[in-house]
Structure formats: C-alpha cells, structure tokens
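# Chain and residue survey
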Amino acid sequence: MTPRLKRTFDALGVPNYRRYFVGQVVSLSGNWMQTVAELWLVLSLTGSALAVGVTTALQFTPMLLVGAFGGVIADRHDKRRLLMLTQVLMALPALALFGLTAGGLVEPWMIFALVFARGAVNAFDNPARQSFLVELVGSNKLINAVGLNSALVQTARVFGPAGAGIAIATLSVQACFLLNALSFGAMLWALERTRPAELERSEPAPRKRGQLRSALRYVQSTPQLLIPLSMMALAGTLAYNFQVLLPLMARFSFHGGPGTYAALTSAMGAGAIVGALAVGTRKRVPPAFLSGAALVFGGALAVAALAPTLDLELIALALTGLASVTFAASVNSALQLGAKPSMRGRVMSLYSVVFLGSTPIGGPLMSLIAGHAGPRTSMLVGAAAALTAGLVARIAYRRTLGITGEGVALPSPGGIPGEEPVLAEAAEAETRRRRVWRPRGEHTGPRPRQASPLG
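Residues numbered from 1 in each chain as written. Predicted model: local features only at pLDDT ≥ 70, side-chain atom pairs only at ≥ 80, totals over all residues. Heavy atoms only, no water.

## Description of the overall build of the protein chain
A tally of regular secondary structure across the protein chain gives 17 helices and zero strands. Sequence separation of 24 or more characterises 86% of the internal contacts of the protein chain that already satisfy a separation of 6 or more. Surface exposure of the protein chain reaches about 20700 Å², of which carbon and sulfur atoms provide 65%. (Helix = DSSP H or I, 4+ residues; strand = E, 2+ residues; numbered from the N terminus. Contact = heavy atoms within 4.5 Å. Areas by Shrake-Rupley, 256 points an atom, 1.4 Å probe, with all protein chains shown as cover.)

Right under this line is the structure:
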C-alpha cells in the first residue's frame, strides 16, 4: 500500500474515531431511510409535489433560524455529552412517526411538525458533531477525518435510500421509522465507549451574554475564516441544490424516468466518494487550494449544465460530485483549523447555517428558475456562483493576507482581535515582501523618497 493510500484511512487508526465512524455508518443510513420514508408518506397522503417540497424545507429551516445558537451551546458544554443527548432526542420523532403510522393515525400536518422537530434537534447536533471531530483525532488528522466523514455521508446517501426502498416494498413505510430510531443506538454506543482521556478537548466557554455576536465579530475580523465562510454562503445557497435539480434534469432535459434519475445520482455519488477520499490524503488546506476547488466545482457544474447527451452528463456529474465534496470538505477543514478552540462550535454552526440552512432559500429559488428557464439554466446559475466564489476568494486572500497561494498553509488557530498576532504577522510579512532590501546601516535616517520603487 502506497503512503498516500495509507493516509486515506489514517484517522481510523485512532480508536475513538474508529468507534465514532462505525456508529455514524449505522446512524446516517437510518437517517436517510427516514428522510425517504417521510417524503414517500407525504406524497402518498397528499399526492402533492408542493407538500414534498415543504417537507424538505421544514427539515432545514430550524438550521437557518437557530443553527448559530446551536454553536453557542456546543462551545459551552462537553460535546460528547451533548451529542449523547441529541441522539436520544432525534430518536423521539422517529418513534412518534412509527407509532402514528402503525396505528393509522398519521396526518400530513403531523409529519410536518415531526420533521421540523427533528430539524430543530439537528440544529444543535450538527455544530457539536462538526466541532467534535478535532477532539477525536487532533488537528494533524482532522483533514483526513473530514474527508472520511464526507465519504461516509455520500455512501449513506446511496445505500440509505436503497434500504428505504427495500423496506417500504417488503415490510412497510413505518419500518423505516423504527429502523432509524434503533440506529441511534449505534451512535450512543460509540459515544459511550469513547475514552474521554484520549480526547483533545478545549475548555468550555463560560456562559455570558453576547457570545453569538462575539463570534460574528471574530469571524468578520479574521480573514482565514471570513473568506471560506463567504465562499460557502454563496455556493451553498445557489450551487448545492442537486436534490432539486437532478430529478428535473432527468425528466425534462433527458426525457427519462426513475432509471435516468438513479443513474444521475449514482454517477454523482461515485464521484463524491472519490473526492472525499482524495481530499482526506491532504495534510494542509492552502488558500490557493480552496479557491481552486471552488473554480473546478463551478467549471464541472457548467459542463454538466451544457452536456448534450446522457453519457456525457454522467461523466460531468461524476466530476461535479468529486469537486463539490472536495470544496465542502476543504472549507470545513479550513474553518476548524483556523478557529480558536473556544470559538470552534460557533464557527462551525455558521458553516452549518450557510451550507444546510440555506437550503430553504436556494432550493425554492432554483426550482423557480428551472420552472421558467429550464433546469440547465438553474445549474448554470449555480456554476456561476461557485466560479464567482473562487475568483473573489483568490483576490481577497491576496489583498488581506498577501498570499500568492503557492504552498501556503492556513494560519494557525487565531484568536479574538488583539489576543493573537496572526493577522498582524501576515500584514508585516506583506510589508516586508513589498519593501526594497538595503544593507544594514546604509540609511540611518528617513529613507530618501527617490529610493522608493513607487516613485
């Protein structure tokens, strides 16, 4: 096995992360089974495509509304114990849906309410889960762990819905809800077996007023956080709407049915898994790599939007899947490595808000554009957003940090302005780069104006 291939699974050598990974394999598959079953049940009860869209929006609306506060809670409390609580709470809506469906009492409004409740718990679970990774594996193996997690999510995205289809066909729709409720037991087992002494934990932030505003000011004044977060805000809203666009591409662009849709999602999923594993082999996330990943993502999405045949579309979507996960995992890693430990939960909650919480905004907007101008146009809008994010980020990195992008890693975890010298050092380095060198002692007083290369 080559050293690079060995690095692909490096984080699995950490016992705590290995148990956590196994728990996620089971839990994420169950979560996707429930998501598919909810949509199927809503469609069966209402026969309305709008109701299906509302169900999807309700799942992510709480993240948009309170996801940032979820980061405040993650920073204040022990993340392992917080995650154990959220696993129990997320199992309750699944058990409620199982009971209501099995008893023949379920109504669409009940599904909407329980989907919203599950999304509300996820608004607190997701920031804690994201910021818990670095405690499990440490900063040296964080990028690898993020890559493995991304590969796991993509794998669950393929096998979870397949399992839901088999369960619905052979058992019943309520079986999916019961299986998902039981799947949280795997995560509880993993968290219970975690060895606290081996965690690289940060001190919980003390409870005080204004902690969310403090996080926003911190991000705003820290370019190595603000730039990637802004990139994801733009791309997350307009470019990551594949659950809306792929069915429309299959139906209206290629005049196909469920088989065509399955082919499109499978091609994209396969590319995403490869991209997730590839990014996990990296040891650093340089600014140039971040902006380059956004540009490649936008370019691949543009090719997918313009592909004239289904065969070319499958190839383009595989590249899009690879680039989209590479970009998302890189932004995730950059934020975790660049954030002060006591701020990490809040920073990652902002990432969750712009990545997941933007779905209720971007999804309907892309659907509206697709309805008036076609799904290819919607995909081109997403491509333009990703390309813009990459180009603007490249300019912003050069102007704020003086980074050319050649082999420059992200700065070490920064602090609140005034506490850490990261930005001052970067500015000083840029000043030295622009200064004309002179032998020591050549000038003892102010430098003559004509000696300046600027004239």
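There is more to say, and it comes next.
## What to know about the packing of aromatic side chains
Within this structure, the stated rule accounts for 10 aromatic pairs. Residues F242 and F297 carry aromatic rings whose centres are separated by 6.4 Å and whose planes lie at 65 degrees to one another, so their mutual orientation is edge-to-face. Highlighted residues: F242 in helix α10 (residues 242-253) and F297 in helix α12 (residues 287-306), separated in sequence by 55 residues. Residue class for F297 comes out buried when judged on its relative accessible area of 0%. (Phe/Tyr/Trp six-rings, centres within 6.5 Å; stacked < 30°, edge-to-face > 60°. Buried < 20%, exposed > 50% of the residue type's maximum accessible area, 1.4 Å probe, protein only.)

## A closer look at the environment of K283
The topology assignment puts K283 in the loop between α11 (258-279) and α12. The class of K283 is exposed, set by a relative accessible area of 65%. Separated by 141 residues in the primary sequence, K283 and L142 place their C-alpha atoms 8.8 Å from one another.

## Concerning the pattern of salt bridges
Under the defined criterion, the tally for this structure stands at five salt bridges. For the salt bridge of E135 with K79, the shortest nitrogen-to-oxygen distance reads 3.5 Å. Of this pair, E135 sits in helix α5 (residues 108-137) while K79 sits in helix α4 (residues 79-102), and the two are 56 residues apart along the sequence. A residue is classified by how much of its surface remains accessible, and K79, at 5% relative accessible area, is buried. Its salt-bridge partner being D125, residue R129 comes within 3.0 Å of it at the nearest N-O pair. Of this pair, R129 and D125 both sit in helix α5, four residues apart, which is roughly one turn of that helix. Exposure class is identical for R129 and D125. Each is buried. (Salt bridge = Lys/Arg side-chain N within 4 Å of Asp/Glu carboxyl O.)

## Details of helix α8 (residues 211-220)
Looking only at α8, the buried set comprises Q211, S214, A215, Y218 and V219. In a view along the axis of α8, the buried residues occupy a sector of 130 degrees, so they form one face of it. Exposed and facing more than 90 degrees away from the buried side of α8 are R213, R217 and Q220. (Arc of directions from axis to C-beta.)

## Section: the environment of R80
Position of R80 among the secondary structure elements: in helix α4. Among the residues examined, R80 registers a relative accessible area of 9% and is labelled buried. Spatially, the C-alpha atoms of R80 and R201 are 9.9 Å apart, while their sequence positions differ by 121 residues. Leave out the neighbours within four places in its chain, and R80 touches F132, L191, E192, T194, P196 and L199. At 2.7 Å, the side chain of R80 and the backbone oxygen of L191 are in polar contact. (Polar contact = N/O pair within 3.5 Å; in protein donor to acceptor, adjacent residues only side chain to side chain.)

## Let's talk about the confidence of the model for the protein chain
Per-chain confidence: the protein chain averages 81 in pLDDT, with 85% of residues scoring 70 or above. Mean pLDDT across the elements of the protein chain bottoms out in helix α17 (residues 422-434) (41) and peaks in α12 (94). pLDDT under 50 marks residues 403-455. Its contacts with residues more than four places away, or in other chains, come to 62 contacts. (pLDDT = per-residue confidence, 0-100.)

## Concerning the packing of α4 against helix α7 (residues 173-193)
The angle between the axes and the distance between the axes are what describe a pair of packed helices. Direction vectors running N to C along α4 and α7 enclose 165 degrees, while the axes themselves pass 8 Å from each other. One way to sum up the angle between α4 and α7 is to call them roughly antiparallel. Note that α4 runs across α7; the crossing there is left-handed. (Axes fitted to C-alpha atoms, helices over the stretch in contact; angles between N-to-C directions. Parallel < 35°, antiparallel > 145°, perpendicular 65-115°, else oblique. Left-handed = near helix turned anticlockwise from the far one by under 90°.)

## A closer look at the nonpolar core
By size, the foremost hydrophobic cluster in this structure holds 83 residues, and its most contacted members are Y17, F297 and F327. Per-element tally for this core: the top contributor is helix α13 (residues 310-338), with 10 residues. Ranked by size, the runner-up nonpolar core spans 16 residues in total, among them M33, L58, C176 and F177. (Core = buried A, V, L, I, M, F, W, Y, C linked by side-chain atoms within 4.5 Å.)

## A word on the environment of A323
Along the chain, A323 turns up in helix α13. According to the relative accessible area criterion, A323 is buried, its value standing at 4%. Sequence separation of A323 and V296 is 27 residues, and the distance between their C-alpha atoms is 6.3 Å. With residues up to four places along the chain from it excluded, the contact list for A323 reads A293, V296 and F297.

## Regarding the side chain of N241
Its place among the elements puts N241 in the loop between α9 (223-238) and α10. In this structure the side chain of N241 is engaged in a polar contact, spanning 3.4 Å, whose partner is the backbone oxygen of L238.

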